[in-house]
Structures are given as structure tokens and as C-alpha cells.
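Okay, here's what each chain looks like letter by letter:
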Amino acid sequence: MRRATTRRCVRRRTRPVSRSTRNRKKPNYRLLFSFFFMSVLLSMSITYALQTPDLNVSKVGIQGVELSDGEMVNKYSQCMIGKNIFLVRKYPVSSAILGLNEIESVRIGRKFPDKMWVQVTERKAGAVLTDGRTCCMIQDDGLMFHKTCGPVRGIPLIEISNLTGLQPGKVAGSDRVGCALEVVKLARNENIRVDKISIDPDGDICLNMSSGFYVRLGQPDDIARKMSLLRSALAYRPSIAREAIYIDLSCPSAPVWRPKAVAQNAS
């Protein structure tokens with residue numbers, strides 16, 4: 001019989017593992033001190049900037065005021081005086097100024113160490129609208145924004161009879177006003193100088209130009225075509241504005257003009 005082989009278990013002694021400790025980095029005291037010093041310096045600078053009277057606003061410069069009430073703009077702007085230039089709130093001032101009908105936009109800025117500036121942009125008038133008694137500047141979109149004592153040089157005058165509700169801050173909702181403003185824009189695009197636009201109770205449109213020359217446009221239809229015909233007539237014969245009393249474009253397919261010589265002979 002075969003002898004059973006026995007397995008011997010050999011035990012080996014394991015050596016204790018010695019863990020090597022890593023070298024710890026020493027704190028950079030110089031860097032920490034630098035951070036601490038910079039934070040203290042920054043804190044002191046901010047405290048000084050917010051508390052020193054040297055940075056209190058002493059003057060506000062205002063630019064761009066022509067049509068609007070300068071006293072009101074100055075009143076709203078002066079509320080910034082005496083306040084720290086960093087702590088001045090610009091939004092309440094700009095909102096108050098924008099409440100004026102003539103103001104379209106406002107910009108406010110700082111001029112160190114102790115000054116503020118206010119730049120306003122006023123609305124541009126497309127025409128002066130009148131009912132024969134009251135005159136009011138009006139934008140191309142129909143917004144009325146400033147009352148005037150009468151016609152303004154260089155701005156077309158729109159005269160519409162039986163017109164009501166001429167008040168700054170409101171939009172003219174009349175269809176006749178819309179037609180007149182369309183004529184103003186077309187005249188500007190066609191480079192035609194128009195001094196006055198009249199609309200009678202029947203809705204007929206008449207343009208007054210230089211040298212007593214006027215143009216009858218008739219009813220407010222085919223306005224663009226009529227204005228194009230007027231530009232072509234003035235370009236083809238520039239002297240027509242001096243030689244004629246009027247040109248009638250009520251019927252665009254058959255324009256008619258009347259010379260001054262014929263009118264003088266008839267009289």
C-alpha cells in the first residue's frame with residue numbers, strides 16, 4: 001500500500017511592516033500674512049470710500065435740455081447732491097426725468113471724485129399739429145409731447161379743423177392725423193419740402209410749399225403714388241414751384257397745374 005503523504009504546513013514569521021511617515025508641508029506664513037494684510041487694507045479702503053465726505057456729490061452737470069422743463073430736470077437731478085458717489089441710486093432719478101413728455105431717454109454717470117452727469121435725449125418732432133388754436137409737437141407715431149406757441153421753423157405744420165384732444169402725453173388717434181403724418185414721412189423720403197399740410201372737414205388734403213405754391217392731393221387714397229408724381233414733376237420741371245399757383249393731383253392719372261400767368265390774365 002502506498003503511504004499517505006502528509007502535507008506539512010510551514011509557518012513563516014512575517015516581519016512587522018513599518019509605515020514611513022510623510023513629511024508634512026509647513027504652512028507658508030508669508031503668504032498667509034500677505035492675504036491677511038490685503039484683506040485688512042481692502043476693508044479699510046472700502047470703509048473710507050463709503051464714509052469720507054471727499055466722495056460726496058457736490059455738482060450735477062445736465063446736458064441736452066431744450067424743449068423740456070429745465071427746472072424739473074434740475075430738481076430731479078439735485079437730489080443726488082450730498083450723497084456718496086458710490087451709493088447714489090441712478091434709477092429713481094432717471095425714472096423721474098423720463099416722466100417728462102419731452103424726454104425720450106436718459107443717461108446718468110459718475111465723474112470722480114465728486115461729480116455726476118445727466119445726459120437727456122429729447123423726442124424729435126415729425127410735425128406741429130394744430131386745430132387752429134392749440135399747437136403741439138407730434139412724433140411720426142402720433143405721440144404728442146410738447147405744446148408750442150405757434151408754428152416752428154423747419155417743421156411741417158399740420159392743420160386739421162374740428163380736431164380735439166391736443167394734449168402732450170397722448171397719442172392722436174384721428175385717422176386724419178394718421179394720413180397727414182403719412183404725407184410728412186413720404187415728403188421726407190422723397191426729399192420734398194412741405195411747410196404746411198391742411199385737411200378740411202371733407203378730408204381733402206392740401207400741401208402748402210414755398211413761394212405760395214400748393215398741391216391738392218384730394219382724398220387720402222393713393223398717397224404714395226401722388227407724392228411720387230409730385231417728386232417727378234418737381235424733378236422734371238423745378239421752376240413749376242415758381243411758375244404755378246398749384247398742381248392738382250386729386251386724380252393721379254390726370255394731374256393738372258395752373259400757371260400764375262394764366263391766373264393774372266384772367267383777373
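Anything mentioned here points back to the structure above.
Computed from a predicted structure; not experimentally measured. (Residues numbered from 1 in each chain as written. Predicted model: local features only at pLDDT ≥ 70, side-chain atom pairs only at ≥ 80, totals over all residues. Heavy atoms only, no water.)

Asks: Help me out: how do you make sense of the overall build of the chain in this one?
Replies: Within the chain, the regular secondary structure consists of seven helices and twelve strands. Relative to its full complement of 267 residues, the chain shows a buried share of 33%. Of the accessible surface of the chain, which amounts to about 18,800 Å², a share of 51% is contributed by carbon and sulfur atoms. (Helix = DSSP H or I, 4+ residues; strand = E, 2+ residues; numbered from the N terminus. Buried < 20%, exposed > 50% of the residue type's maximum accessible area, 1.4 Å probe, protein only. Areas by Shrake-Rupley, 256 points an atom, 1.4 Å probe, with all protein chains shown as cover.)

Asks: What am I meant to see in the pattern of salt bridges here?
Replies: Side chains that differ in charge, positive against negative, can pair when their charged atoms come close. Counted by the stated rule, this structure contains eight salt bridges. Linking Lys115 and Asp114 is a salt bridge whose minimum nitrogen-to-oxygen distance equals 3.4 Å. A relative accessible area of 34% means that Lys115 is categorised as partly exposed. A residue is classified by how much of its surface remains accessible, and Asp114, at 18% relative accessible area, is buried. Of the charged contacts, one joins Asp131 and Arg133 as a salt bridge, the two residues approaching to 3.2 Å between their closest N and O atoms. On the basis of relative accessibility, which here comes to 14%, the residue Asp131 falls in the buried class. (Salt bridge = Lys/Arg side-chain N within 4 Å of Asp/Glu carboxyl O.)

Asks: Even after reading the chapter, I still don't get the packing of aromatic side chains, so can you show me in this structure?
Replies: Here the distance between the centres and the angle between the planes together describe a pair of aromatic rings. With the rule as written, the count across this model stands at three aromatic pairs. Between Phe86 and Phe112 the ring centres are 5.4 Å apart and the planes differ by 40°, which places this aromatic pair in the tilted class. Pair noted here: Phe86 is in the loop between helix 2 (70–78) and helix 3 (90–98) and Phe112 is in the loop between strand 2 (103–111) and strand 3 (115–122), with a separation of 26 residues, a long-range link. A cation sits over an aromatic face here: Arg216 above Tyr246, 4.1 Å from the ring centre. (Phe/Tyr/Trp six-rings, centres within 6.5 Å; stacked < 30°, edge-to-face > 60°. Lys NZ or Arg CZ within 6 Å of the ring centre and 35° of its normal.)

Asks: In this structure, what is going on with the nonpolar core? I would like to understand it.
Replies: Proteins that are soluble and globular tend to have nonpolar side chains buried together. Core analysis: the biggest nonpolar cluster contains 37 residues, and Leu129, Leu207, Met227 and Leu230 have the highest contact counts within it. The element that contributes the greatest number of residues to this core is helix 4 (residues 175–189), accounting for eight residues. The contact partners of Leu230, leaving out residues within four places of it in the chain, are Ile192, Leu207, Met209, Val215, Ile247 and Leu249. Within the second largest apolar cluster, 17 residues are counted, among which are Leu55, Ile97, Val106 and Val118. (Core = buried A, V, L, I, M, F, W, Y, C linked by side-chain atoms within 4.5 Å. Contact = heavy atoms within 4.5 Å.)

Asks: Would you mind showing me how to read the packing of helix 2 against helix 3 here?
Replies: Relative orientation and spacing of two packed helices are given, respectively, by the angle between their axes and the distance between those axes. Close contact between helix 2 and helix 3 brings their axes to 9 Å; oriented N to C, the two are set at 165°. Regarding the angle of helix 2 to helix 3, the classification is roughly antiparallel. For the element pair helix 2 and helix 3, the recorded crossing hand is right-handed. Contacts between helix 2 and helix 3 pair Val73, Tyr76 and Ser77 from the former with Val93, Ala96 and Ile97 from the latter. (Axes fitted to C-alpha atoms, helices over the stretch in contact; angles between N-to-C directions. Parallel < 35°, antiparallel > 145°, perpendicular 65-115°, else oblique. Left-handed = near helix turned anticlockwise from the far one by under 90°.)

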